[in-house]
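Structural overview for review
These are the residues of each chain, in order.
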Amino acid sequence: MLLELRGIRKRFGGIVALRNGSLTVLPGEVHALVGENGAGKSTLAKIVAGMISPDGGEVIWRGQLVRFERPADAAAQGIAMVHQESLLAPHLSVAENIFLGREPRLPLGWVQRQRLYEAARRLIEEHRFPLQPEWRVERLNPAGRQLVEICRAIQHGSSLLIFDEPTSALSEAETQEVFRIVRRLREQGMGVLYITHRLEELRAIGDRITVLRDGETVYSGLLAEITTDEIIRHMVGREVTTIYRRTPQTPGDELLRVEGLTRKPVLHSISFSLRAGEIVGLAGLVGAGRTELCRALFGVDRVDSGRVWLQGREVRIRHPRDALRLGLALIPEDRQRSGLAVRLPLAWNLTLASLPQVSRLGFLLADRERRLCEEYIQRLRIRAESPRQLAGRLSGGTQQKVVIAKWLLARARVFLFDEPTRGIDVGAKAEVFQLMDELAREGAALLMVSSELPELVQVADRILVMRQGRLTAELPHGASQEEVMRYATVDTQPALRDAATENAEGDGK
Amino acid sequence: MIQRLLPFLTLVTLFVALSIASPYFLTYTNLSSVVRQTAVINIMALGMTLIIIAGGIDLSVGAVLAFSGLLGTMAMEAGWSIPVGVLVGLLCGLFWGLTNGLLITQLKINPFIVTLGTLGIARGVTLIISNGLPVHRIPKEFSFLGEGNLLGVPFVLWVLVFCAALTHVILEHTRMGRYAFAIGSNPEAAYYTGIPVGFHTTAVYAYSGLLCGLAGMIEASRLMTGQPTAGQGYELQVIAAVVIGGGSLRGGEGSVIGTLVGAFIMGLLANGSDLLGISPYLQQAIIGGVIILAVAVDELRKRKLG
């Protein structure tokens, strides 16, 4: 046995990332590690690679109990990680990147360029990588960079290689190239821990599989002995605690209609509509294009093609300013970065999108502004010492309410919520949902991006599912988490066509 | 709260200390000369306050001052009336402010770099136009702007009070001011809120440019010369005044009152050093130390709160 993990625990602040992570990796096997967003896959991998230390549990490497304090410790034992995001120096050559920090050196730090390039050439030829040591990394495509990362990882005889979602940025052909190399490494007796959320590609490469759910290993076994549906069931079998009970109502007029929205390579011909009084969920894994869809609709990113109607009128939104004017709101994923001015008072944040309403000829009407702030602070039950309190000092849930209130004041009618409950405690979550429910009742249309399947299933009237930049399904209220997860993870071309025809019929009514 | 008032308390302490230390300090002549000396820096610092609040910086203010002063006096030399000459100066300032703003927002170049560039360009063009020679043939009445008195106080004080009041109103009571705070505090959130970030950023630089044009005319009036080398190094004094007064180079923080206090602290330090016979070389070092001290105190305050 190469690696064994037993009962690994890890928490970040109040959030439990891993409660019982266990798995084993044998030499000469590709071990797949799967799970929902936030199930703890990356945390587990980083613990193996020595990037984080666990709070509890055992890491056993070649039969010995070990404790890695830093990545160098793991590297010294022959464990290497190929990262999700490239950590290469783009201006340096392939060879220089492979040996970055480990250059063959003479005394006084003199780098022996000749030896460096020879060593790189030997390594590349040994594995038959389509690379040249002299190439500059910035000119390589994502797959090429991945190969450089792999070279770097294996250059001094690693025996365990960890891949964290290596193919998420790669094309089909590039993916096949990476697979070919992974298979070769396996033949050479190397152990590979392979994190992915593309279930259909697992079969092409994996030997065994471990499923994580809520930071716990729930399944470990041979890939040949489990069906994809079973894998999905293990992934989503999270306990559903009731967060918010919502009674959907008959939707009203169509407020937003999107047809064929395309922004290559992240969005491909997205079509859907939102009606007044609806909360529509948008599910998908990290990288499926959900945030990109919101940004494109809101005018942050350019689109290649596609048409958008708001309240029955065809519109072109090229800038958030257009969105504001047309009554479209975006509650962004990262509140602190793009939602709030954290160093300004709460009251100023509230009225920021609606200053024309509280000013005349460019001059602010202090009384009107104060009244409006007080009204919304009460109405949304925003807990703050005073309207002058700095927004950054408010709790996460209160901050989210402030962002929502800002758009309410601006009289938005269509709301795009990107992960509205991220980083918010359970009590505040229910309040945010209640607020969203009230918005829907008052005739707004809401799109809610969420990685929390139990929340989506409870709150949304229907759920759109995205996978690799495409809408793969539209599921009614009451759809199970498994169903959603299947469309989010597995290539379902026939189902896609079904969903498309259903859509067309729905529109015809 | 005490720490927020610290610049003001420093100013008062400095004032009292100098009154005791030197018999010449608390005299009409001396105080009005302090006002005249600091007015130019003060007026430019008002514009800089807005820019720094909006998260920017303007290094070109000194060069723009010289450019405006030169062209304004050249207009008078060419026979135009004094008001027209002043107007020419103001328009020159406005032109450079707009140029800075448009380069920063349209080409999306860092303001430090843009204004470092326009600093060089404005100064170079000023020297080319004037051939390096100052303009002297100016109507005598023009000296009123910088040296005259109105109702017993220096006329520049009225100008300064007017500009300060105007800037204060813009900052605290208009949409433009509020947007400046929002853009400086978090440009991404401002953009996501649908604020016309580019327009308001440009407007802020344009307003600051206008004040630099005015400062240029005041400087020319005090010297009774269109001096192509005027205002060298002023940008640092102007930025220092804003920072001592509580402006933050991270944007989103600053006030008109603070900036006035900051500029007067520097003015009193210079004046006090002169009265007490401290070498001008040491003066520079003292002012440098005060800048670092002011920011350090401010940082400590924020760390305690944050």
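Read on for an overview of the structure. (Residues numbered from 1 in each chain as written. Chains lettered and ligands numbered in written order. Predicted model: local features only at pLDDT ≥ 70, side-chain atom pairs only at ≥ 80, totals over all residues.)

Overview of the overall build of chain A
- When its secondary structure is counted, chain A shows 18 helices and 24 strands.
- Here chain A has a C-alpha radius of gyration of 25 Å; the compact-globule value for 509 residues is 23 Å, and the two agree.
- Along the three orthogonal principal directions, the C-alpha set of chain A runs to about 75 × 55 × 45 Å.
- Taken across its 509 residues, chain A has 46% of its residues classed as buried. (Helix = DSSP H or I, 4+ residues; strand = E, 2+ residues; numbered from the N terminus. Rg over C-alpha atoms; globule rule 2.2 N^0.38 Å. Buried ≥ 20, exposed ≤ 12 C-beta atoms within 10 Å, placed from the backbone.)

Description of the interface of chain A and chain B
- The interface of chain A with chain B comprises 23 residues on the first partner and 17 residues on the second.
- Within the residue set of the side of chain A that touches chain B, elements represented by two or more residues are helix 10 (320–326), helix 11 (335–339) and strand 20 (363–364) of chain A.
- Residue contributions to the side of chain A that touches chain B peak at four residues, all from helix 10 of chain A.
- Looking at the side of chain A that touches chain B residue by residue, the classes come out as 15 nonpolar, four polar and four charged. (Contact = placed C-beta atoms within 7 Å. Nonpolar A, V, L, I, M, F, W, Y, C, P; charged D, E, K, R; others polar.)

Things to note about helix 6 (residues 172–187) of chain A
- Here helix 6 of chain A is 16 residues long and its end C-alpha atoms lie 23 Å apart, about the 22 Å a rise of 1.5 Å per residue gives.
- Where helix 6 of chain A ends, the next residue or the one after it, Gly189(A), has phi of about 90 degrees, a positive value. (Expected span 1.5 Å × (residues − 1).)

Quick notes on the nonpolar core
- Formed by 243 residues in total, the largest nonpolar core has its most connected members in Val48(A), Val414(A), Phe415(A), Leu446(A) and Met44(B).
- Ranked by the residues each element gives to this core, the list is headed by helix 10 (residues 197–223) of chain B, at 14 residues.
- When near neighbours in sequence (up to four residues on either side) are disregarded, Leu446(A) contacts Glu278(A), Ile279(A), Val280(A), Phe415(A), Phe417(A), Met436(A), Leu439(A) and Ala440(A). (Core = buried A, V, L, I, M, F, W, Y, C linked by C-beta atoms within 7 Å.)

Focus: the sheet that holds strand 14 (residues 267–275) of chain A
Residue and element names in this part refer to chain A.
- With antiparallel pairing, the four strands of this open sheet are ordered in space as 14-13-16-17. Two strands close off the open sheet at either side, each with one partner strand: strand 14 and strand 17 (313–315). Within the sheet, the average angular offset between the axes of one strand and its neighbour, ignoring direction, is 20 degrees.
- Across three bridges, strand 16 (residues 305–310) lies against strand 17 in antiparallel orientation. Within strand 17, the position partnered with Val-308 by the bridge is Val-315. (Pairing = 2+ DSSP bridges. Axes fitted to C-alpha atoms, helices over the stretch in contact; angles between N-to-C directions.)

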